[in-house]
Every structure is written in C-alpha cells, then in structure tokens.
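# Descriptive structure summary
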Amino acid sequence: MTPKERGKPLTPPCQVTRVRFSPDGTILAAACIDGIVRRWTATGEPKADLKGHDGWVSDLAFLPNGDLLTADTWGKLNCWAGDAVRWSVPAHDGWLRGVAVRGNEVATVSRDGVLRQWDAAGKKLRETKIGPDLFSLAYTPDGGSLVVGDLFGTIRVFDAKNGTKVREFERKEFHLLDRIQDVGGVRCLVFSADGQTLYTAGCQPKSGGFVQAFPLLMALDFATGKTLWTWKGAGDNEGLVHDLRLLSDGHLAGVTSGQPGQGKLLMWQPPKPEPVFVSTKQPNCHSLDAHGRLLAVSATNANSSGNGRVKGKAGEYPANTSPIQIWELG
C-alpha cells in the first residue's frame, strides 16, 4: 500500500484535534481549538462553520443518519442536523475526551471518570462511574460491549446494555508516574472487523515533566486479553499515537506526534507488527480518518513555534495551525 497526496492541504486557521468523514464520505469535519467545527465537501469546498462550543472541540463522531456529534473540553455534547443544533447536553464535568457511536446509541467518557450512554435524541440511558482520567472508548462490532481505556493503562470491558463491568486488562506499559506527574494513557481503542482483536495505542512514557515517550501499539486477543503483537517507535521524541483507524481492507492507519517537528503517518497490515508504510511529510500529526480510497490527516504547520516561545518577524507569537492533507490509498 502506497498512499499518495492529493493536491494541496486544507488550511483551517487554527489547530485541529480530530477529523472525521461523514458515513457517506461527502463531508469532512474538523474539531478545532477555537471552539469551531469546520467542514468541507469531499472535493475540498468549504461548508458553513458550526459555532456552538465555548471550549476546545475535543472529539467528533457521526450518527448513521449523518447528524454530527461534537464534544468540548467543558463537557458539552452537541448534535447537529445540517447547520443547526438538534440538541445539546452538559454531558460531563470537564474535558470530554471520547465519543463512540453504535447504531443510534452514543457513549462518552471524560476526565471526570464517568462513562455515559445516550440515545440519538440526547436522552441519558445510563452512567457508570469508573475512575479518573478516562481517555478512550469503543463499542465491539456487535454492539454488545463497551471498552474504556484510562491514563493508567487499564482497559475495562462493560456490558453495553446495563453498564456492568465484565472484565479488565492491565497494560502498564502505557503509564508512568514521574516527577509527581502521571503521563501516558490508552489513547486509542479500535476493533478488528470480526471483533476478535482489540488494537490499543498510546505511548510508553520515558519521563514526565518535559514528556518523552515512545509511540506504542499493542494488539490484544479480546476474549483473553493476551498480547498478540506489539509495535514500539524507535525514539523517545516520537511521542504518542494520537489517533488510530481501521481501513476497509483491514489495514490499520495511525498518526504520531511528539517533540516539535516529529510525527508520522503509519500503516500496518495485521498481524505483522512492523509498519508497511511510513511518512514523515506531515510533522506532529494529531488525527486521521478514512472513507473508501480517501485518507485525511491533520498535522501541524511546518516550522511551527512549538509552545509559542518563537517570535515572528513582527515580534508577535504566531499561533500554530493544522493543515489537513488528503491522501489517496493505493
């Protein structure tokens, strides 16, 4: 598989935390840190911005009917029908980190340590108190179970119908307590199409403070929790696997981001642990999504100012942006 870049990247004016295609592939939506959701058609034509958040827009997910769910760092969950808000709920107390959809049911997790499930009209179905710093979640392909990953490397499995915990796996490689700081976390959870393999990703931290970490991907047998294979990045400046997606042909695609200027787009062909494709053309990648032969990857502008300490020519501190490159899958 050799993806090829298609044209020039889309250029939102700020940083992007998540990109997702609509179910029919006609819309690409981007969650932005200025509280705006930006959208384009599949051919790159801009659509109306969605303005309904006060904090960073932290995650996106589409319902099967094309309605768009958007979450923010203040805990709000919005559902959009076209350009209008269909419903909005204060879903969590603080940073809403993950949204998952299975049919017309929605699940959310947050820094507040609670898993909540909603129907397509925004009605809360149930909630399960788990523990602090939840990062990721995924439904099994049959919709019977929900899997949640946290900062400490714990992966818990819940019955999606009643919220009862079924079992849990510990993968401490994903966590480090260093300099009184917990770092790492299970940032991504993705199932194989048959539901037998759970792909977990994040990083193996080397230090806290000025965080150094190796990106990490582990494939688990979902029934037993046994590790099937592991991929670990080569350098501790490569950082986290920020997003992971299963492609229609069974390949995995992921993006990494670490120290300024670092970051990769990678693809794997399970069960082989070594990537079959690696690109460093886009530094500090934070999200990706695929639909059919199209792959969208959001990164950070070249020669970025890192944490904002580098002055521009006029003495200002320029903000970073997130070019979104569309790739064509071979």
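Heads up: the structure comes first, above all this text.
All values derive from a computational prediction rather than experimental measurement.

### Details of the pairing of strand β11 (residues 105–110)
- Counting buried residues along β11, six of its six residues qualify, which places the element largely inside the surrounding structure.
- Because side chains alternate across β11, one face comprises the buried residues E105, A107 and V109, and the other comprises V106, T108 and S110, equally buried.
- In this structure, the hairpin formed by strand β10 (residues 96–102) and β11 is closed by a connection of two residues, where G103 is found at a positive phi of approximately 60°.
- Taken together, the five bridges between β11 and strand β12 (residues 114–119) define a ladder with antiparallel strand orientation. Following the sheet pairing, A107 is matched in β12 by Q117.
- Between β11 and the antiparallel strand that follows it, β12, lie three residues; G113 among them carries a positive phi value of about 85°.

### Considering the side chain of N284
- Within the fold, N284 resides in the loop between β27 (277–279) and β28 (287–291).
- Among the polar contacts made by the side chain of N284, one reaches the side chain of S257 at a distance of 3.1 Å.
- Apart from the residues within four sequence positions on either side, N284 is in contact with T256, S257, G258, Q259, P260, G261, Q262, G263, A299 and T300.

### What to know about the sheet that holds strand β2 (residues 16–21)
- Read across the open sheet, the four strands follow the order β2-β3-β4-β5; overall the sheet is antiparallel. Two strands close off the open sheet at either side, each with one partner strand: β2 and β5 (50–51).
- Pairing geometry for strand β3 (residues 27–32) and strand β4 (residues 36–41), over five bridges, is antiparallel. By the bridge assignment, A31 is partnered in β4 with V37.

### Quick notes on the sheet that holds β28
- With respect to topology, four strands assemble into an open sheet ordered β1-β30-β29-β28, the strand pairing being antiparallel. In this open sheet, the two strands that pair with only one neighbour each are β1 (4–5) and β28.
- Bridge analysis of β28 against strand β29 (residues 294–298) gives five bridges, and the strand direction is antiparallel. Of the residues in β29, the one forming a bridge with L288 is V297.

### Considerations on unusual backbone geometry
- Of the consecutive residues P270 and P271, the connecting peptide bond is found in the cis state with omega at 10°.
- As for its position among the elements, P271 is in the loop between β26 (265–268) and β27.
- Of note in this structure, R179 is not a glycine but carries a positive phi near 55°.
- Relative to the elements of secondary structure, R179 occurs in the loop between β18 (175–178) and β19 (181–184).
- Exposure remark for R179: the relative accessible area of 61% places this residue in the exposed category.
- With a phi close to 55°, I180 is a non-glycine residue in the positive phi region.
- Take I180: its relative accessible area is 86%, and that puts it in the exposed class.

### Considering the packing of aromatic side chains
- Applying the stated criterion to the full structure yields five aromatic pairs.
- For the pair F191 and F222, a centre-to-centre distance of 5.0 Å together with 85° between the ring planes defines the contact as edge-to-face. Within this pair, whereas F191 is found in strand β20 (residues 186–191), its partner F222 is found in the loop between β22 (212–221) and β23 (227–232), the two being separated by 31 residues in sequence.
- You can call F222 buried: its relative accessible area is 10%.
- Geometrically, the ring pair formed by W231 and W268 is edge-to-face, given 5.2 Å between the ring centres and 65° between the ring planes. Highlighted residues: W231 in strand β23 and W268 in strand β26, separated in sequence by 37 residues.
- For W231, a relative accessible area of 7% corresponds to the buried category.
- Residue placement shows R97 over the ring face of F135; its charged tip is 4.1 Å from the ring centre.
- The ring of F214 has K232 sitting right over it, with the charged end atom 4.5 Å from the ring centre.

### Points about the nonpolar core
- Core analysis: the biggest nonpolar cluster contains 14 residues, and V147, I155, F169, L189, F191, L198 and F222 have the highest contact counts within it.
- When contributions to this core are tallied by element, the ones reaching two or more residues are β16 (154–159), β20 and β22.
- Excluding anything up to four places from it in sequence, V147 contacts S136, L137, A138, I155, R156, V157, L189, F191, L198 and F222.

### Topic: the side chain of Q325
- Examined against the element boundaries, Q325 turns out to sit in strand β30 (residues 324–328).
- At a separation of 3.1 Å, a polar atom in the side chain of Q325 contacts the main-chain carbonyl oxygen of G7.
- Contact partners of Q325, with chain neighbours within four places excluded, come to E5, R6, G7, K8, P9, Q282, L295, A296 and V297.

### A short note on the pattern of salt bridges
- Tallying each qualifying case throughout the model produces 20 salt bridges.
- Measuring nitrogen to oxygen at the nearest pair gives 3.1 Å for the salt bridge that ties D133 to R97. Here D133 is found in the loop between β13 (124–129) and β14 (134–139), whereas its partner R97 is found in strand β10, with 36 residues between them in sequence.
- By relative accessible area, which is 15% here, D133 ends up buried.
- For the salt bridge of E168 with R156, the shortest nitrogen-to-oxygen distance reads 3.8 Å. One end of the pair, E168, is in strand β17 (residues 165–170); the other, R156, is in strand β16, with twelve residues separating them in the sequence.
- A single network of salt bridges, built from pairs that share partners, joins R18, R20, D59 and D243.

So, how was this worked out
- Residues numbered from 1 in each chain as written.
- Predicted model: local features only at pLDDT ≥ 70, side-chain atom pairs only at ≥ 80, totals over all residues.
- Heavy atoms only, no water.
- Buried < 20%, exposed > 50% of the residue type's maximum accessible area, 1.4 Å probe, protein only.
- Helix = DSSP H or I, 4+ residues; strand = E, 2+ residues; numbered from the N terminus.
- Pairing = 2+ DSSP bridges.
- Polar contact = N/O pair within 3.5 Å; in protein donor to acceptor, adjacent residues only side chain to side chain.
- Contact = heavy atoms within 4.5 Å.
- Phe/Tyr/Trp six-rings, centres within 6.5 Å; stacked < 30°, edge-to-face > 60°.
- Lys NZ or Arg CZ within 6 Å of the ring centre and 35° of its normal.
- Core = buried A, V, L, I, M, F, W, Y, C linked by side-chain atoms within 4.5 Å.
- Salt bridge = Lys/Arg side-chain N within 4 Å of Asp/Glu carboxyl O.

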